[in-house]
Amino acid sequence: MTEPLLHPDRLFPAEPSIRAIARNLYETVADLPIVSPHGHTDPSWFAENSAFTDAASLFLIPDHYVLRMLRSRGIPYDALAVPRKDGAPVADPRAAWQIFCANWSLFAGTPSELWINHALATEFGIDAPLSADTADATFDLIGARLADADFRPLAILDRANVEVIATTEFALDPLDHHATIKANGLNQRIRTTYRPDDVTDPDAADFKANIEKLGAITGEDVSTWAGMIKAHANRRAHFRAHGATATDHGVPTALTADLAQAEKQALLDGALKGTLTPGEAEQFRAQMLTEMAGLSAEDGMVMQIHAGSRRATDPLLQAERGRNLGDDIPQRTDFVGGLSALLSRYGNAEHFRLIAFTLDESTYARELAPMAGYWPALMVGPPWWFHDSSNGIRRYLDAMHETAGFTNLAGFNDDTRALLSIPARHDVWRREVSGFLAKMVAEHKISQTTAHDQARWLCYDAAKTAYRIP
Amino acid sequence: MTEPLLHPDRLFPAEPSIRAIARNLYETVADLPIVSPHGHTDPSWFAENSAFTDAASLFLIPDHYVLRMLRSRGIPYDALAVPRKDGAPVADPRAAWQIFCANWSLFAGTPSELWINHALATEFGIDAPLSADTADATFDLIGARLADADFRPLAILDRANVEVIATTEFALDPLDHHATIKANGLNQRIRTTYRPDDVTDPDAADFKANIEKLGAITGEDVSTWAGMIKAHANRRAHFRAHGATATDHGVPTALTADLAQAEKQALLDGALKGTLTPGEAEQFRAQMLTEMAGLSAEDGMVMQIHAGSRRATDPLLQAERGRNLGDDIPQRTDFVGGLSALLSRYGNAEHFRLIAFTLDESTYARELAPMAGYWPALMVGPPWWFHDSSNGIRRYLDAMHETAGFTNLAGFNDDTRALLSIPARHDVWRREVSGFLAKMVAEHKISQTTAHDQARWLCYDAAKTAYRIP
Amino acid sequence: MTEPLLHPDRLFPAEPSIRAIARNLYETVADLPIVSPHGHTDPSWFAENSAFTDAASLFLIPDHYVLRMLRSRGIPYDALAVPRKDGAPVADPRAAWQIFCANWSLFAGTPSELWINHALATEFGIDAPLSADTADATFDLIGARLADADFRPLAILDRANVEVIATTEFALDPLDHHATIKANGLNQRIRTTYRPDDVTDPDAADFKANIEKLGAITGEDVSTWAGMIKAHANRRAHFRAHGATATDHGVPTALTADLAQAEKQALLDGALKGTLTPGEAEQFRAQMLTEMAGLSAEDGMVMQIHAGSRRATDPLLQAERGRNLGDDIPQRTDFVGGLSALLSRYGNAEHFRLIAFTLDESTYARELAPMAGYWPALMVGPPWWFHDSSNGIRRYLDAMHETAGFTNLAGFNDDTRALLSIPARHDVWRREVSGFLAKMVAEHKISQTTAHDQARWLCYDAAKTAYRIP
């Protein structure tokens, strides 16, 4: 096989006239700085700037995309070195890496293959597919390189030309790492994001204790609805002081509510007593989204809603190891009905901005594009999670742009926990955007000039504008 | 930018062998007469044949596609000269046009851009994109041309080679303009359509008064279900006398019902008293669809159902200005369950024809194509509203034709309120049909001969056949 | 028209570089043996090996795809020789064939056209489209050929290079034909499948009698839940003795349940008394799916769920002629919620395998691909029924492979009642797979080597592996 891991024309349409245009467009965006306004990298990396330890800990163990695919073909998480709640031993990183490499063919054509190949080639100079034969050699090579100074997290950010990156912290997070980052003068580049699911979702673990802690931290009386909202305002200001320009809300559905004061207080009372029915818990979350919109309209933080993931669907996995390990599955989501209460109240508010994300592609053309193409407050986030892939991006752009226009799209998020996938994911987006716009040029739908403008918007300006990043 | 506004190969696939076939197919349909069996043009235009006044009144103020996109980026409707309910002043047409032109780039790649460019180029000889720099000049140029005799509505119809066009009027409309049109001998060319939403939807404004007026006009006792249905039969005959071959029904869902007489009377009683619950109002609409099917089976009028738009979602817009200004959003729609009662009763009726339209593309391959591919009475309408676009048409044809066949498709509707968009929209359809069939020829799925036959069917014969237009 | 019925490049992408790769890939899979692990051919064909009688009985009368399309354009089933329940006369086969041929243009671009042309060309040497002019001649020619020894069912299997084929029988089927097949030493090649809908669906005709018969056949006390499940275990063993490696379950929704013993017994009691509400009948089916999963986890039979068809939607057709004649329509289906109970219990079970099929394409990328990409027990079946078409296969592969990977796909099923469509359908799949992988190679997403490996997997190995066929 003489095909390199990273072909220079990868992802571009094959038709020669389109490919030529795509190449030209891509050249103009390939080296733009990376703006990463939403993601899940670990702020301790940037605060402490410590070295990563080994290939498995970098590429395999924290990557739920990779873990789930291996599990789906019968490879147990013990063998992949995924820690257990009971502390029982699991495989060591080298053994896990060997299994991963031996099963590399499972990833043929997947985004994981593309992202990992990108990192292997650009960061480690590896130019052959992973395999059982080379597992030890690649484990050693990567391990050796990780010890180099230029593989510290901040060096990786520099090399990837990351202009700004946002992490995501829960409302009760002390932001110690971000305090260090700020002390190091990096808090305009490395920002936090306010994600208060720990205190807005009555089904969250330790919800009552969390609310009480919120009261303690902020000095507000969180037993009243108004006091609880003030406590949020307080935390939001604290997060802004650590660079946050946005909030984020992960919810199973897009339901919002706009209830009377007495109803809200009754929900809070029930939530603190632990007596809410599932329907009431849903109402609590729904009302909290509208409250967060109200605060955003006041303080200018950009609100993100990530709706439609059914979390933790495998009881066995939850019992053995816990969350974010691959058993979250998308579900059908109703944005037009769900967001009605919130948008009726704040959709025209001058300072309010909401960026909505979906895992239900049927909502692209049916709901989100028409809604973003009307409401001043609403933009649509990029394809999310399972849809942040070559075909996923194509389906997204195809379904979205005619009704939403390009200017109601919020550019790209990498939304990753894997540091080295950041440049890889942005590169995929830039290539797909170039290919998509090139096809439009070739079909005489837009001019070359417009294509260049929109490519830059989608690959750089949109993210800064949408997230109000200076 | 040397790209003309209207490239002769626009919308054709870029692959040279497909493009060559597409060009050939398009040549055979490009100049066919336009059949426009469903739309919302103003019958007063054709009755009075008066001149349009200015560019903004022609292209901007009545076009909710354009207004909504500008609003979505924060431009207020006051600045776009959209009239207010309270009569407070709004911008003058020239100022609104200037803002529209200055923000023209928002429309990059949208169907609005394509349609407006088509009109600018073919009707006004403008061959550069709108921009702030040329706003005054284009406003003046268009205004001057609109004063010409050959820019009167009937002249525009002639130039566009419109063989027949249908407008849409509510049940209580006196049809005065259509009476004038008839008196002028034009009622075979310019037809009305019976859209009785004003008297079939208990949630319509002034529903009770409307029903009473229906009784007064027809001399029927509309306090009984049977009398109300007779009144419809009467109005339908009146509409047929003004050229109508079809009825149209705009409903939030596709639900139909087939209730017992006593249940129907109870719904009517409640509707007249204003005591229906939302669920009962839905039942009323559902039963009325089945009643209308029954009348169609008798009088041969082709029934259209446009289902799945959640109307008037922005309370602020409704309070300030009212309906049809951009805040209608599609929602998930169930055709297989919804139409069950109606089709169980009339789906095999010899003279009955139903044309169904959806805004929920997930129903194309899942429900509508299989249903139209079985029921003798059912055909599928063209892609509607947000989906009447280059990509929308491609997705429609892709998802629909394998199961429905081409012959269960009802051809094209422009469904527009914008007179000059009629030739533009039909041209987009004809180009996309040509491109789609060309790809099938190139992949040896159909022969050239079949492609020519189907192109003509989809671009001309289907609309006349489906709508029973002589 | 000089285009042959079967162009050697049919279905391949038109872009020359992709087509060249597709041709090469196709050459490597075109002649692989056919593995047909799920379908509805008649086992009496293979037991008795009798001749088919005539063209209409072979191509028209048993093919609901063809019948429904003709009906949709107003051609009555009487004229198509579809038998009536009341025994009233219908058209003779030749007359039906004439009507079919005269309306052949209705099938332009449909999968039926492709499949039938394939059989006409490869089996009968016909190389012109069917038409009214040649109806008698083709009827005679086909009739004459069907009398030849090499048109007996087993000879057709040989010529099509069918390595293994599974039929589908209900739980109470005596398997007489399969006993003959076994006696003839063919039961490794021609296998049955256990489809117990007759005794798992309380809405099935004669449900109570069926359950009693199940008890009588197996000697189990089917009035208790445990006894009924034992009776299933017994029948499953009997089916395995006749070659079955799989079970199949046709259900309107994907709902599963995991109820307490007392609840299960109450459902069974109600089902036998005929007192279940529709909701309880749904719970019965839901629980039975989980029970079948439990038995599969024990006996290793591969479980198939075909969910989401709303059956028998036309009361007139049901009254006149009965089931499986074209009035089954897909409906929206919830897999993530529906399969939750079953997967929570058995999704990680070592010997359990579930293959899920959907008619709701919106579940491909949203639910089934993510679920199959996580659960060890779950694979996804190929595009089913209306989606087993050129475009349907493209949409399936596009939406599925990035998240599920190729290895969680179960290869191809022809799922047909029409013997001669088997090689045609597999050929379409192989061509589309080749085209799809060729595009990936041309876009440098996978290497040529990987494409070859995956083509073979998808066209041959996957079906054997997924269905545990030795």
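How each quantity is defined
- Numbering of residues starts from 1 in each chain and follows the order in which that chain's sequence is written.
- Lettering of chains starts at A and numbering of ligands starts at 1, both following the order in which they are written.
- Confidence filtering applies because this is a predicted model: local features only for residues at pLDDT of at least 70, side-chain atom pairs given and counted only at 80 or more, and all residues used for totals across whole chains, interfaces and linings.
- Here the side-chain values reflect all heavy atoms present in the structure, with hydrogen atoms and water set aside.
- The numbering of helices and of strands both runs from the N terminus, where a helix is a DSSP run of H or I of at least 4 residues and a strand a run of E of at least 2.
- In this treatment the radius of gyration is a C-alpha quantity, and the globule benchmark scales as 2.2 Å times the residue count to the 0.38 power.
- Only protein chains enter the accessibility calculation, which uses a 1.4 Å probe; a residue whose area is less than 20% of its type maximum is buried, one above 50% is exposed, and one in between is partly exposed.
- Note on contacts: a residue pair is in contact if any heavy atoms of the two residues lie within 4.5 Å.
- Only the protein chains shown count as cover for residues, with accessible areas throughout obtained via the Shrake-Rupley method and a probe of 1.4 Å.
- Simply put, the buried area is the total loss of 1.4 Å probe accessible area from both parts when two parts are fitted together.
- Each reported salt bridge corresponds to a side-chain nitrogen of Lys or Arg within 4 Å of a carboxyl oxygen of Asp or Glu.
- If DSSP finds at least two bridges between two strands, the strands pair.
- Angles run from 0 to 180 degrees between N-to-C directions of axes, and those axes are lines fitted to C-alpha atoms, restricted for helices to the stretch in contact.
- The labels follow the angle: roughly parallel below 35 degrees, roughly antiparallel above 145, roughly perpendicular from 65 to 115, and oblique for the rest.
- Crossing chirality is assigned from the near helix's rotation relative to the far helix, an anticlockwise turn below a right angle marking it left-handed and a clockwise turn marking it right-handed.
- Classes in brief: Ala, Val, Leu, Ile, Met, Phe, Trp, Tyr, Cys and Pro nonpolar; Asp, Glu, Lys and Arg charged; the others, Gly included, polar.
- The handedness rule is simple: strands pointing away from the viewer, and a clockwise path from the first strand over the helix to the second, make the crossover right-handed.
- Copies are brought into register by a least-squares superposition over C-alpha atoms of residues with pLDDT of at least 70 in both.

1. Quick look at the overall build of chain A
Within chain A, the regular secondary structure consists of 21 helices and 11 strands. Since a compact globule built from 470 residues should have a radius of gyration of about 23 Å, the 22 Å found for chain A is in line with a globular shape. If one aligns the C-alpha atoms of chain A with their principal axes, the spans along those axes are about 70 × 60 × 45 Å. With 470 residues in all, chain A has 66% of them scored as buried. Considering only intrachain contacts with a sequence separation of at least 6, the fraction spanning at least 24 residues in chain A is 77%. Total accessible area on chain A stands at roughly 15,000 Å², and carbon and sulfur atoms take up 52% of it.

2. Quick notes on the interface of chain C and chain B
Facing 51 residues of chain C, the contacting portion of chain B comprises 45 residues. Ranking the residues of chain C by area buried against chain B places Arg73, Arg332 and Asn391 of chain C at the top, with a combined share of 16%. Between the two partners, chain C and chain B, sit 3 salt bridges. In this structure, the salt-bridge partner of Arg394 of chain C is Glu443 of chain B, at a minimum N-O distance of 2.9 Å.

3. Examining the sheet that holds strand β1 (residues 34-36) of chain A
Residues and elements named next belong to chain A. In space, the 3 strands of this open sheet follow the order β1-β2-β4, with parallel pairing throughout. If you trace the sheet from one side to the other, it starts and ends with β1 and β4 (190-191), each paired once. One ladder, built from 2 bridges, connects strand β2 (residues 162-166) with β4; its direction is parallel. Counterpart to Ile165 in the pairing with β4 is Ile190. Here helix α20 (residues 421-442) sits on the sheet in contact with β1 and β2, set at roughly 105° to β1.

4. Points about the packing of helix α13 (residues 261-273) of chain C against helix α14 (residues 278-299) of chain C
All names here are of chain C. Closest axis-to-axis distance for the α13/α14 pair is 10 Å, and the angle between their directions is 125°. Judged by the inter-axis angle, α13 sits oblique to α14. In terms of crossing hand, the pair formed by α13 and α14 is left-handed. In contact with Lys264, Leu267, Leu268 and Ala271 of α13, α14 contributes Glu280, Gln283, Phe284, Gln287 and Glu291. Of the residues contributing to the contact of α13 with α14, the split by class is 4 nonpolar, 2 polar and 3 charged.

5. Re the pattern of salt bridges
Residues and elements named next belong to chain B. Per the stated rule, a full pass over the model turns up 114 salt bridges over all chains. Among the salt bridges present, the one from Lys264 reaches Glu291, with a minimum N-O distance of 2.9 Å. In this pair, Lys264 is assigned in helix α13 (residues 261-273) and Glu291 in helix α14 (residues 278-299), connecting sequence segments 27 residues apart. For the pair formed by Lys264 and Glu291, the shared burial category is buried.

6. Brief notes about the pairing of strand β10 (residues 354-358) of chain A
Residues and elements named next belong to chain A. Counting buried residues in β10 gives 5 out of 5 residues, a clear majority hidden from the surface. The two faces of β10 match: Leu354, Ala356 and Thr358 on one face and Ile355 and Phe357 on the other face are all buried. Direction of pairing for strand β7 (residues 302-307) relative to β10: parallel, over a ladder of 5 bridges. Each residue of the ladder has a partner; that of His306, found in β10, is Phe357. Note that β10 and strand β11 (residues 378-380) share 3 bridges and pair parallel. Within β11, the position partnered with Ala356 by the bridge is Val380. Regarding topology, helix α18 (residues 362-372) serves as the crossover connection from β10 to the parallel β11, and that connection is right-handed.

7. Points about the sheet that holds strand β1 (residues 34-36) of chain B
Residue and element names in this part refer to chain B. Strand order across the open sheet formed by 3 strands is β1-β2-β4, with parallel pairing between neighbours. Only two strands of the sheet have a single partner each, and these edge strands are β1 and β4 (190-191). In this sheet, strand β2 (residues 162-166) lies alongside β1 in parallel orientation, the contact comprising 3 bridges. Looking across to β2, one finds that Ser36 is bridged to Ile165. The strands touched by helix α20 (residues 421-442) are β1 and β2; relative to β1, the strand with the most contacts, the crossing angle is about 105°.

8. A word on the relation of the copies chain C and chain B
Between the two copies, chain C and chain B, the superposition gives an RMSD of 0.0 Å; the rotation angle is 120° and the shift along the axis is 0.0 Å. Seen this way, the second copy is the image of the first under a three-fold rotation axis. A different interface surface on each copy is seen, since only 6% of the contact residues of chain C are contact residues in chain B too.

9. Examining the environment of Asn161 of chain B
Residue and element names in this part refer to chain B. Structurally, Asn161 can be placed in the loop between α8 (153-159) and β2. Placed 256 residues apart in sequence, Asn161 and Arg417 show a C-alpha to C-alpha distance of 18 Å. Among all residues touching Asn161, those that are not within four sequence positions of it are Asp31, Leu32, Pro33 and Ile34.

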